[in-house]
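A closer look at the structure
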Amino acid sequence: MRSSEKSVPFQVEENQIREVLREFLMNQETAPLDIMYSFDIKSIVREMYPISFLSVQCSVKWSALSIYEKVTQIPVQKTKTVFIDRNGWEWSYRGSDRVKINGEWQEVPYTPQQKLVTEMVSKTEITSTQRTNGTTDTKTFKEKVVFVDGQRNTPFANWISRMSFSRKQVQDNRVTGVRYIEKTGDVQKVIGTLKETAIQAVSSMAQSQIPGNRYEDLQCVPNCAANEETVYVPVYRVVYTHENRDYKIMINGTDKSQLFYEAFPEDATIVRDIADRAGVLHNEKIKYIAFLSVGILQLIAAIILFVILTDAWDALEALLVSSVFVIVGGVCLALSVKKRKNLKKLQTEAKDKWTALGQLRNQIVTIFKSSDGTFEEKKQRIEKLIKEYYTS
């Protein structure tokens, strides 16, 4: 197997990391409103992670006994049972005639009779056999593999495999001043599986190339060549702190918009408010659906009951009994209308709340990025906005 190793150098500068982190945190709906200045970066480590680009080129030399056949139609005489009715008509199935005997109608079965018939039967004959051979076209099968800490298909490994870079960025030499994460995991096993898949595919191609009507003694000799190209991609491992707790985020070293994280700082008040509002909306929706369903069922029951009772009771009595269901159904439908209005009101309030929160975050970002005032002055203005938001 041929193998090569390449690297993608960092395109994102280290001095951009703090701004990338600020932008990421302010875009999180539940992050603290003062997060722009309330976190500290603890460490930034430049790392290179391996992506293995595997390819298997495979073809098959095949040999088989091709069998050529001819199909002919020949007449064959067979005995067939037929059934004759009282009028002499011939039928292919058992039946009977209805006949009046001694004044009573009776079923008289058809008379079975053996008959000699001629049928055409297909006959297959081998006209010739010939040993044939050939070679399939070479097909290429590819797979991208990422192992992190010896494991594949983890969330972080999948994020690494999706990292974008252009082939123009790839260089043959290792990047200096960074930490290389060496390959782990059984890449050879993946290559073996890829080879098996390739051999099965080209063997199926070989079967379609064999001439004749059918074949026997198929022999396939695969010819496969495997290549592995390892490309190391750049990642910033950033550890930052907020309120004495450490958080980790990974940033693509070629595209700062591609991030991987498992947790970030959250404002307990905002999280609780989201949960409370979601719970209230859910309960109100359940009540609306319940009243609406009961109301409709009560009206349907009233109609069915009125139809049933009018057959046994006086029409007025049936109407009185059914009217009870109509009244209950009407009350439930009226309550469902009220609950629907209340549900829409709550949804509007929730939307307005999050719109206001989003506008506040935009204000905070604008203040923080402006060149007007010192850091402490900006911080005081932001804290004032946050205080006004929570007291309003």
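Residues numbered from 1 in each chain as written. Predicted model: local features only at pLDDT ≥ 70, side-chain atom pairs only at ≥ 80, totals over all residues. Heavy atoms only, no water.

Following the sequence through the fold, Arg 22 ends up in helix α1 (residues 17-26). Given a relative accessible area of 14%, Arg 22 falls into the buried group. Among all residues touching Arg 22, those that are not within four sequence positions of it are Met 36, Phe 39 and Phe 368. (Helix = DSSP H or I, 4+ residues; strand = E, 2+ residues; numbered from the N terminus. Buried < 20%, exposed > 50% of the residue type's maximum accessible area, 1.4 Å probe, protein only. Contact = heavy atoms within 4.5 Å.)

Summed over the entire model, instances satisfying the criterion amount to 17 aromatic pairs. Measuring from ring centre to ring centre gives 5.8 Å for Phe 156 and Trp 159, while their planes differ by 20°; the resulting arrangement is stacked. One end of the pair, Phe 156, and the other, Trp 159, are both in helix α3 (residues 155-161), three residues apart, so they sit about a helical turn from each other. Residue Phe 156 is classed as buried on the basis of its relative accessible area of 13%. With a centroid separation of 5.3 Å and 75° between ring planes, the pair formed by Tyr 389 and Tyr 390 is classed as edge-to-face. Take Tyr 389: its relative accessible area is 15%, and that puts it in the buried class. Accessibility expressed as a relative area gives 38% for Tyr 390, which makes it partly exposed. Of the aromatic side chains, those joined through ring pairs into one cluster are Tyr 49, Phe 156, Trp 159 and Phe 260. The ring of Phe 53 is capped by Arg 167, whose NZ or CZ atom sits 5.2 Å from the centre of that ring. Directly above the aromatic system of Tyr 232 lies the positively charged group of Arg 174, at a separation of 5.2 Å from the ring centroid. (Phe/Tyr/Trp six-rings, centres within 6.5 Å; stacked < 30°, edge-to-face > 60°. Lys NZ or Arg CZ within 6 Å of the ring centre and 35° of its normal.)

The pairing of strand β11 (residues 214-242) with strand β12 (residues 245-252) spans eight bridges and is classified as antiparallel. Its bridge partner lying in β12, Tyr 240 is registered against Tyr 247. Between β11 and β12, which pair antiparallel one after the other, the connecting turn spans two residues, and Glu 243 there sits at a positive phi close to 50°. Counted between consecutive antiparallel strands, the loop separating β12 from strand β13 (residues 259-261) contains six residues. (Pairing = 2+ DSSP bridges.)

A complete count under the given rule lists one disulfide for this structure. Disulfide partner of Cys 58: Cys 224, at an S-S distance of 2.2 Å. One end of the pair, Cys 58, is in strand β2 (residues 40-84); the other, Cys 224, is in strand β11, and 166 residues separate them in sequence. Judged by its relative accessible area of 0%, Cys 58 is buried. Looking at Cys 220, it has no disulfide partner, and the nearest cysteine sulfur is the one in Cys 58, 10 Å off. (Disulfide = S-S within 2.5 Å.)

Attention now goes to helix α4 (residues 187-209). The terminal C-alpha atoms of α4 lie 33 Å apart, and with 23 residues this matches the ideal 33 Å at 1.5 Å per residue to within 8%. All of the buried residues along α4 are Val 187, Val 190, Ile 191, Leu 194, Ala 198, Val 202, Ser 203 and Ala 206. Of the surrounding elements, those touching the buried residues of α4 are β2, β7 (139-145), β8 (147-148), β9 (151-152) and β11. (Expected span 1.5 Å × (residues − 1).)

The next point concerns the environment of Glu 90. Along the chain, Glu 90 falls in strand β3 (residues 90-91). Owing to a relative accessible area of 44%, Glu 90 belongs among the partly exposed residues under this scheme. Between the alpha carbons of Glu 90 and Asp 172 there is a distance of 89 Å; along the sequence they are 82 residues apart. Not counting chain neighbours up to four residues away, the residues in contact with Glu 90 comprise Val 82, Phe 83, Ile 84 and Lys 115. Only 3.0 Å separates the side chain of Glu 90 from the side chain of Lys 115, close enough to count as a polar contact. (Polar contact = N/O pair within 3.5 Å; in protein donor to acceptor, adjacent residues only side chain to side chain.)

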